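Residue-level structural notes
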Amino acid sequence: MEQTAMLDFRTCFDAEKDIVSLLNQEQSSGEDAGTGTGVPRQVRVLGQERDGAVLYTWSDISPYRQDDVVVSHIGLYEPISKVNTVLFVHEKLVNLVNCTVNQERTLLAFTTQEKATSSSGSPSWHSEGRQHAQVYRSYLAEVQPANRVFYLNIERDNYLMVQFLHGKGHGDATSKESHMLFLIHKELIGLYHMKLSRVGYSGVEMCGQPRTEVLAKRFQWAQWDHQRQRLYYLSQKKKNSNSKLTFTCMQFYEKYPPEIMMEVQLPIYLPPEVSKAPSIYEHLPLSNKVTDQKLLCDVLTLPGGSLCICYQHPIMSPEDHHAQEEDIGEYDVVDIEYSVFMLHRGTVLHCCMPGFARLEAVNIRLHFFPINDYILVFSPGQLLHLLNVAAEFEPCHHIVWHGHGVPNLPSPSTDGRSLTTFLRERAGLCVYDCRQDIAYRVSVSKEGFADVFAGCYLPSTRLAIMHYAAVHHKDSSLAKLLVGKMCNDIGSPEVSGLLTEFLVGTTYNAMRRQLDMRILPLLQFTSTETGRGQLEKNEKGQQLARITYSSLRDIVQMKYSKVDKTQSDGSFWEHLRYNLQKLSIADMWPRFNTTSLQQHITAANQEAAFADDLVEGRVRSSSLLKRISDSARRAFSGSSTPRKGSLGSYAVLTFLNAAERDLEQDRVVGMTVEQLTDHLSRHLPRETRVKVFNVAREFVSCQLQQSKQLLQFIWTSLGFQPDGDLASNVGEPGSQAESELFHMTERFYMAAQELCFPLPNGFKTFFTTLGFRCLDSHVFLQYVDRGVLHLTDDFRDMVMEDLGDDRDNSEMKLNIVSRLPKRQALTGLQQWNHPISTRFLSKQYVSSLLLEGEDLGWASQPRRVSLTDSYSTSSSQDSSEDDSVDAHVHFPPLATLMKLLQMKEPHTRRHSRSGRYVDLKFVQQSALQQTKQEYGTNLSNVSF
């Protein structure tokens, strides 16, 4: 069966359909001057602005000339309104490589790549003596109305990029100034300030010479962020080609001068083929970078103040071997490597993928995109990595997948893939296939993730997918699919660990919706240790990827902004600054781990067992138990209403008896509340005790809700109806589905016990009932003896009521009663109408009388035991309600004993806390029936 891809690609823009078809419609309707010329419209996308408008060019006959000359046109397409506008018609056919329009749609700037010629008409020469056939030139045009075109008088063999700055909104036609970035690769970054004046009703023209400003020099790489109006660039502070590159981030504002927000020296060095050779440029559509095609770098931002620099390490191709002394072969085995500099954490993630032939590795281009809280590292059809590097979490649980299941783009292509980011309002991640001129909206495929989860080789991949579903996915559908996959392989040793991750992750996800940033770093978000790196292998044991970490803490520093945060993208920089400040105290702020409660809970349970001893009719209770009980009571007092799970639905379990209370689980809840309150108070001294207690109470409430949610997923995944229940008769053997349910519930119980997670009310009775029906009797008793199954009062009552009194059932009842605590055992015997129980109860009652009134505690049940239910023979005395002993007993030895006991009974009743239902009449009848059953009417063998 073919595996579903992990990502879905849905077309959101197609240049052929969205632009060319509209142009053809305009031509056929006579609105285009080139009607009937037959000139093919070969549209080529150039760039995109902050509002998503697409700039493109095509070749067509000029409407302003009579000689039918084909010239270059520049148009603008609005993806939302699907409107095309012709912005500019050039006087000749040129190769446009870059284009930008100001926010008011009145000025247009573009860059062309043209044949280099000197003033004498001979080929142009570079200053270093290298001859170049092509040079870059930039122009500025007034387009509303169509008026003048200005040559910026700059000609370079290095790439030139122009980019207008945009503010928020749709622009103001009355704006008096426009600002344009001007980047000359390896030379400088400048800023043009152009004064504007009104012409007519809506026209604008430039007045005077633009004012220029140099922002930076000698940069090697630059990237423009349209949405956030930021410029990132890498430069060398020293002219030495072997020096490290410095990363700089510059923030631009609508009404204020630009500011440098961050400078970091990175352990990145220019490759020799970049520093010593002329630069080669790709001219990709929608590209917002100025860089050599061999310097592969991307800057990505994630919500919450995360800033990452993604860098693919260069691999020298066989064509570049002349720069090295050693020989380089096409089939040499090399590693593909990339690094992600997580500046918000002061950490570098390094990934190494070994075993590639050099010729293959040179052609593999890694694309980096932000998707949800992850970074997507993607090479279509070859590899897909999802890196969990958001600021909220320590880096861990990266999803690494190679081969089958890695999606390819829907449109076929034979000349490789080049992807860039496509801006689409509120559409999430959109990528643009530069070879096919199609943009795709990218989303996670739940079915694809579930297939990879079921078919992957390494447990770490499954655990990473479960972590993604529990913490990062927006709804419960993916988590439910994963639980369903686990139910198909219940015997796997990984199941308990996966359920553990589900419980921890979903609890954190539920809490993060209600808490602020200061408290979340103190709560556990995963069940495993973070920051250990990963080693991924395939089923043959071959290494696929190795992920390691190193520190950058000492060199990451931010500069404080002088601009009012309300006038800028202040929330991002504020969060980033908070993340960097948090690094210095990260080791001092440990996350609360529920597994640390195990020793405290064990001590509390032991003390509770010891406190069950009776002292003058009262149960002793230590200060520890009182404190825990009080914490549990207060925790439950504020959570009487059902709460939504982290994944958005209420978990109502009809197969559990919510009215059943478990004192042991109350102690778990109370201990969790107490320990978490102390933990938060210790690390948040400014918060009041009441506030941190409310946080702890909410935490255990979320824990209970996630336990119910997981149980409901298990229940429905195995085919049971959401509002269904188990068979009412406990003695009915379990079905195959119920047997699978028991084993999956056992894995859930193991996970909860390992985490010290509270269980829902009624769980122990449900679990024990399920085990009784699905396990052999001796296996069931082993589960009980080892503390896995618990003989609750409700289960004891069901066994006594539903099981018959044949030999096997009587033996099972006796085994169950003998494993109960004394008080519960006596209650169970009072419910069991069997000679064994009546004989035992009679002996115990007689012993209590002879021991001067020791209260053995069985009289607390309201039910009265009648021997007529246990024996086939009966008499008129059996149904009598008179508690006095029959005076006409025709068996002298019994009569003598009854008279002695009757003399002691009044003295003992003073010490009884309640009325007795096992009395002397019951003892008398039991003795007669037992004697008759064993010896018949011949009493000569009876030993008195």
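Structure shown above.
Below: a short report on this structure. (Residues numbered from 1 in each chain as written. Predicted model: local features only at pLDDT ≥ 70, side-chain atom pairs only at ≥ 80, totals over all residues. Heavy atoms only, no water.)

1. Notes on the packing of helix 7 (residues 495–512) against helix 12 (residues 689–717)
Where helix 7 meets helix 12, the axes come as close as 9 Å, and the angle between the chain directions of the two elements is 135 degrees. Compared by their axis directions, helix 7 and helix 12 come out oblique. Crossing of helix 7 against helix 12: the hand is right-handed. From helix 7, L499, F502, L503, T506, T507, A510 and M511 reach across to helix 12, where they touch V695, E698, F699, C702, Q703, Q706, S707, Q709, L710 and F713. For the contact of helix 7 with helix 12, the class distribution of residues is 10 nonpolar, six polar and one charged. (Axes fitted to C-alpha atoms, helices over the stretch in contact; angles between N-to-C directions. Helix = DSSP H or I, 4+ residues; strand = E, 2+ residues; numbered from the N terminus. Parallel < 35°, antiparallel > 145°, perpendicular 65-115°, else oblique. Left-handed = near helix turned anticlockwise from the far one by under 90°. Contact = heavy atoms within 4.5 Å. Nonpolar A, V, L, I, M, F, W, Y, C, P; charged D, E, K, R; others polar.)

2. Things to note about unusual backbone geometry
Glycine aside, residues mostly have negative phi angles, and peptide bonds mostly take the trans form. Cis peptide bonds are those with omega within 30 degrees of zero, and the linkage from Q144 to P145 qualifies with 0 degrees. With respect to the helices and strands, the residue P145 is situated in the loop between strand 8 (134–143) and strand 9 (146–156). Although it is not a glycine, K186 sits at a positive phi angle of roughly 70 degrees. Its place among the elements puts K186 in the loop between strand 11 (177–184) and strand 12 (188–199). A relative accessible area of 25% means that K186 is categorised as partly exposed. A positive phi angle, close to 60 degrees, is found at L286, a residue other than glycine. When you line up the elements, L286 lands in the loop between helix 2 (272–275) and strand 19 (289–291). With relative accessibility at 7%, the residue L286 sits in the buried group. (Buried < 20%, exposed > 50% of the residue type's maximum accessible area, 1.4 Å probe, protein only.)

3. A short note on the sheet that holds strand 20 (residues 296–302)
Read from one edge of the open sheet, six strands run 20-21-22-23-32-31, paired in antiparallel fashion. Edge positions in the sheet fall to strand 20 and strand 31 (534–537), since each of these pairs with one other strand and no more. Across the sheet, the mean angle separating the axes of adjacent strands is 15 degrees when strand polarity is ignored. Strand direction decides the pairing type here: strand 23 (residues 347–357) and strand 32 (residues 543–551), joined by six bridges, are antiparallel. From the neighbouring strand, H350 faces strand 32, where its bridge partner is T548. (Pairing = 2+ DSSP bridges.)

4. Brief notes about the packing of helix 12 against helix 13 (residues 736–755)
Look at helix 12 against helix 13: their axes get within 10 Å of each other, and the N-to-C directions meet at 155 degrees. Classified by the interaxial angle, the pair formed by helix 12 and helix 13 is roughly antiparallel. Pair helix 12 / helix 13 crosses with right-handed handedness. Residues S707, L710, L711, I714 and W715 of helix 12 touch helix 13, and the partners they reach there are L741, M744, T745 and F748. Residue classes in the contact of helix 12 with helix 13 are distributed as seven nonpolar, two polar and no charged.

5. Side note on empty space enclosed by the protein
Counting across every chain of the model gives two cavities of 30 Å³ or more. In terms of lining residues, the largest cavity is bounded by V504, T507, Q524, T594, F699, Q703 and F757. Taken together, the elements giving at least two residues each to the lining of the largest cavity come down to helix 7 and helix 12. When grouped by side-chain class, the residues that make up the lining of the largest cavity number three nonpolar, four polar and no charged. Put simply, the second largest cavity is a space of about 30 Å³. Forming the walls of the second largest cavity are I371, N372, Y374, L386, V444 and Y468. Partitioned by chemical class, the residues of the lining of the second largest cavity number five nonpolar, one polar and no charged. (1 Å grid on protein atoms, 1.4 Å probe; cavity = no way out; pocket = protein on both sides within 12 Å on 5 of 7 lines; lining within 4 Å. Points joined across faces, edges and corners; volume = space filled by probe spheres on them.)

6. A look at the environment of Q514
Structurally, Q514 is set in the loop between helix 7 and strand 31. Its relative accessible area of 45% is what places Q514 among the partly exposed residues. Discounting residues that sit within four places of it in the chain, Q514 has contacts with E698 and C702. Among the polar contacts made by the side chain of Q514, one reaches the main-chain carbonyl oxygen of A510 at a distance of 3.1 Å. (Polar contact = N/O pair within 3.5 Å; in protein donor to acceptor, adjacent residues only side chain to side chain.)

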